[in-house]
Structures are given as structure tokens and as C-alpha cells.
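Secondary and tertiary structure notes
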Amino acid sequence: VGEEALWACTTCNACVEACPVSIRHVDLIVDARRNLVADGRLAGSAATMLRQVGATGSAWGAAAGNREDWMKDLDIHLCRDGGEFEYLLWVGCAGATDPAAIKTTRAVAALLTKAGVRFACLGREESCTGDPARRTGDEFLFQDKAHSNSATFQKYGVQKLVTACPHCFNSFKSEYGQFGANIEVWHHSQLIAKLIADGRLSAPDQVAGGLTFHDPCYMGRINDESSA
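As a starting point, this report considers the structure included with it. (Residues numbered from 1 in each chain as written. Predicted model: local features only at pLDDT ≥ 70, side-chain atom pairs only at ≥ 80, totals over all residues. Heavy atoms only, no water.)

To continue, consider the packing of aromatic side chains. Here the distance between the centres and the angle between the planes together describe a pair of aromatic rings. Per the stated rule, a full pass over the model turns up 7 aromatic pairs. Judged by centre distance (5.9 Å) and plane angle (80°), the ring pair of W90 and F153 falls under edge-to-face. In this pair, W90 sits in strand β1 (residues 87-90) while F153 sits in helix α8 (residues 139-156), placing the two residues 63 residues apart along the sequence. Neither residue differs from the other here; W90 and F153 are each classed as buried. (Phe/Tyr/Trp six-rings, centres within 6.5 Å; stacked < 30°, edge-to-face > 60°. Helix = DSSP H or I, 4+ residues; strand = E, 2+ residues; numbered from the N terminus. Buried < 20%, exposed > 50% of the residue type's maximum accessible area, 1.4 Å probe, protein only.)

On to a nonpolar patch on the surface. Together, V21, I23 and L28 line one region of the surface with nonpolar side chains, adding up to about 290 Å² of accessible area. Assignment of secondary structure puts V21 in the loop between α2 (14-18) and α3 (25-38). (Patch = residues over 30% accessible without salt bridge, like charges linked within 9 Å, V, L, I, M, F, W, Y side chains within 5 Å. Areas by Shrake-Rupley, 256 points an atom, 1.4 Å probe, with all protein chains shown as cover. Salt bridge = Lys/Arg side-chain N within 4 Å of Asp/Glu carboxyl O.)

In the structure shown here, the tally under the stated rule is 1 cavity of 30 Å³ or more. A volume near 40 Å³ is recorded for the largest cavity. Lining the largest cavity, in full, are L89, W90, V91, T105, V108 and A164. Elements with a contribution of two residues or more to the lining of the largest cavity: β1 and α6 (99-114). (1 Å grid on protein atoms, 1.4 Å probe; cavity = no way out; pocket = protein on both sides within 12 Å on 5 of 7 lines; lining within 4 Å. Points joined across faces, edges and corners; volume = space filled by probe spheres on them.)

So, about the environment of L50. Turning to its location among the elements, L50 is positioned in helix α4 (residues 45-56). For L50, a relative accessible area of 10% gives the class buried. Sequence spacing of L50 and G61 is 11 residues, and the spatial spacing of their C-alpha atoms is 9.4 Å. Beyond its immediate stretch of four places on either side in the chain, L50 contacts L42, A133, T136, D138 and L141. (Contact = heavy atoms within 4.5 Å.)

With that settled, consider α3. In a regular helix each residue adds 1.5 Å, so 14 residues correspond to 20 Å; α3 covers 20 Å between its end C-alpha atoms and thus fits that length. Of all the positions in α3, only V26, I29, V30, R33, L36 and V37 are classed as buried. Around the axis of α3, the buried residues are gathered within 110° of arc, so they sit on the same side. Within α3, the exposed residues directed more than 90 degrees away from the buried face are L28, N35 and A38. Packed against the buried residues of α3 are α1 (3-8), α2 and α7 (131-136). (Expected span 1.5 Å × (residues − 1). Arc of directions from axis to C-beta.)

A few words on the environment of R135. For R135, the location among the structural elements is in helix α7. Considered as a pair, R135 and D27 are 108 residues apart in the sequence and their alpha carbons are 9.3 Å apart. In contact with R135, not counting residues within four places along its chain, are T11, V30, R33, N170, S171, E175 and Y218.

Right under this line is the structure:
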């Protein structure tokens, strides 16, 4: 297998799902990537991303202070201000930086507020989960971020976390336990469904014109979180 093929993999797990003998190809590919990264054989946008995660704590390279820009005109409680909260709303690199993802972040915050959910955000104390580093092959950087974020959770007594990012969801649910972050993890779609079922939010039985919900690889295939 050539290096170009190794870097072409998106780790979507489609090959694992389709394999008749349950071979975990993605694990093998990521292992191979670790060797390439260790040998310094990584360049281009992937290498830039790793430098940005290490330097700024953001895969987008945004400064830590920019993680609070999306909430400027909203009444969002921050963990550092003290006070009790039930859920930590984890925004993520994209959710705090990408214009389209910011719309989702603000909508989730508005729905949680409407439902009376006590939540807080880390703001500038939030840092990348390290997921893109692990998938790219920089295991050291991933573990550094995992230890740091887990320490932040412990500092603020985080017991429940909700996020709109499927990659962050997967990292916290399936990978952070070994770093001391034994917390209850929710994807925003799961929590909103629960709030509707509990009568804390209302939703129409049907939507005119139909509705399509994009079910990402890391929710549907890897965490088996989907419904027909």
C-alpha cells in the first residue's frame, strides 16, 4: 500500500462495515500513519493542522480567545464564573470557528436554554480533543490533549457533556475514559430527542417538504447511533 493511499483514507469505517470477515482496516491504516509521522514523512495541510492543534489548541489555528466570539450576544454561562451546571456544552473547533457550524452551536444553545437545561461552556479554556491528531497519526499530540482536557473536566466537576460534533462525541465516549474522563456523553441530537420525549421541548410530527438529517460516519457507523 502506497503512502498516497494511506493518506486518502477518511477513517469513515465503510470498509470495516462492509468487510465479511470483520477486518479493522482503519486501525491498521492509522498505525501505518503513526510510523510515517514519526519518520517526519508528513507535509501539506495535514502537517499544518497538527502544528495548529499543538500551538493554538484549534485545528483551525484560531486563538483561544476566539472560542467565545460565537456567544457575544448570548447569555452563556462559563465554567470559570462558578456556579452549578448539569451539562458542559462542548463547542469544538469547528463549532466555535466555522460560520456554518457556529449556526448549529447557537441553535443548540438556544434549545437548551428554552428547555431549561442548566449548561455551561469552557470558552477560551476549551481546546481541541486531539481527534484529528490521532486520526492523522500523531498519537503523542492526541494524548497530550486528552490529558489536558480531562484535567479541565475534573477541575470543574464535569459529569455530563453534550456536543454537536460527532468526532468530539466519539473521542469523549470511546477514548477519553482511559485518561480519567469518566463522564456521561451526549450528542446534541440524542439530548434534544430526550428533551422532546420528556415534554421540555415540542416538535411537529411532520415537517412540510420533508427533513433530512446528515448522519455522520462517526455517529452512524462507528457509534451505531442512527434510526430509520
